[in-house]
Amino acid sequence: MFLRRLPINRLPSVRVASFSAAIVRPATVSLTALRFNASITNQQAPHPKAVKDALTKTDDKSPLNSKDYVLFHPVYSPEELAATKYTHREVKGVQDTIAFSLVTIMRAVFDYSTGYVDKTGIMTEKQWLNRILFLETVAGVPGMVAGMSRHMRSLRLLRRDHGWIHTLLEEAENERMHLLTFMKLKNPHDFDWPDIRGPFFRAAVLLTQGVFFNFYFLCYLLSPQTCHRFVGYLEESAVHTYTLCLKDIEEGRIKHWGTQPAPEIARFYWQLPDNATVRDVVAAVRSDEADHRDTNHVLAGLKADDPNPVA
Ligand SMILES: [Fe+2]
Ligand SMILES: [Fe+2]
């Protein structure tokens, strides 16, 4: 699945990478030229940010604006979105068993404590949003912890990283973009939200982040492979959940997400057409989760100094 999907999915995203590169590169070249000229004429070169600001100023009215800060990420064709399916990697050996058991237990506890029912036609829009918003605040943790750990390892051991750090940071940012996108549908800081009061939601996020960040960091120091396998299985679960959500949009209790316009930030990020709906956004998020699943299952099978084949 991964080897077939990834090159196809990553091809269109070159557009995004090129878009960023087109913005950054002229600034870099011009800055070099300005420094060179300044050294000749003995004048002070302008501050780098001033040069970059001047060179990147356009009429782009995107919500992330032309000086986009987003990292490399996939952009999908309609066929690729439709082709995304739930897959499960067979559990083999001790590490896989630990990782899969942890995901199963954590999911069961979370589902039970939040009253989640793993069926279509039951969850309301508010219940879906509560669940998605909370879980996306957690989903952005593993990539950042892993990227940070490998960055520190590279510094500590005076060794190169072999291309893992960027992939991991891209995953973390991609999860944060999921959160920012769904926040456009409902702001979790709204006190009038009947299901989750603002302070309760924020306290839950704070507590979970504090516990999960440190737990995952310690685990990553002990066994990075098990951690990547854990994320691989976690993302399998995410693909399953978003598939149920899509079914609820298409035939269940939240049909209007099939006609509600996609938030602008999502249309820009996934390069969606102007008439894109929230359903299209959920489909893109599901494809992202499938990419995280495949990527982490690949990384889980590598040694720490193996080159990253996903980069
Ligand atoms: Fe996500
Ligand atoms: Fe994910």
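Residues numbered from 1 in each chain as written. Chains lettered and ligands numbered in written order. Predicted model: local features only at pLDDT ≥ 70, side-chain atom pairs only at ≥ 80, totals over all residues. Heavy atoms only, no water.

Focus on the UniProt feature "binding site: Fe cation 1" (unreviewed entry) in the chain
Link 1 in the chain: The sites that carry the UniProt feature "binding site: Fe cation 1" (unreviewed entry) are, in the present numbering, Glu136, Glu175, His178 and Glu289. For this annotated set, covering 154 residues, all C-alpha atoms fall within 10.9 Å of each other, a compact arrangement in space. Those annotated residues that line the largest pocket are Glu136, Glu175 and Glu289.
Link 2 in the chain: Mapped onto the elements of the fold, Glu136 is located in helix H5 (residues 125-157).
Link 3 in the chain: Among the secondary structure elements, Glu175 is positioned in helix H6 (residues 164-183). (UniProt positions renumbered as here; feature names shortened; annotations may be inferred. 1 Å grid on protein atoms, 1.4 Å probe; cavity = no way out; pocket = protein on both sides within 12 Å on 5 of 7 lines; lining within 4 Å. Helix = DSSP H or I, 4+ residues; strand = E, 2+ residues; numbered from the N terminus.)

Quick word on the coordination of the iron ion (ligand 1)
Link 1 in the chain: Looking at the metal site, the iron ion (ligand 1) is ligated by Glu136 (OE), Glu136 (OE), Glu175 (OE), His178 (ND1) and Glu289 (OE), spaced 2.0 to 2.4 Å from it.
Link 2 in the chain: Positions of the donor residues of the iron ion (ligand 1), expressed as sequence spacing, correspond to E-x38-E-x2-H-x110-E. (Donors = N, O, S within 2.8 Å, 3.2 Å for Na, K, Ca; no water.)

Examining the pattern of salt bridges
Link 1 in the chain: Summed over the entire model, instances satisfying the criterion amount to 13 salt bridges.
Link 2 in the chain: One salt bridge in this structure joins Arg267 and Asp274, with 3.7 Å as the shortest N-O distance.
Link 3 in the chain: Of the residues examined, Asp274 reaches a relative accessible area of 68% and is grouped as exposed.
Link 4 in the chain: Among the ionic pairs, Arg279 bridges to Asp280, the shortest N-O distance being 3.5 Å.
Link 5 in the chain: The structure contains a network of salt bridges with shared partners spanning Arg107, Asp111, Asp118 and Arg131. (Salt bridge = Lys/Arg side-chain N within 4 Å of Asp/Glu carboxyl O. Buried < 20%, exposed > 50% of the residue type's maximum accessible area, 1.4 Å probe, protein only.)

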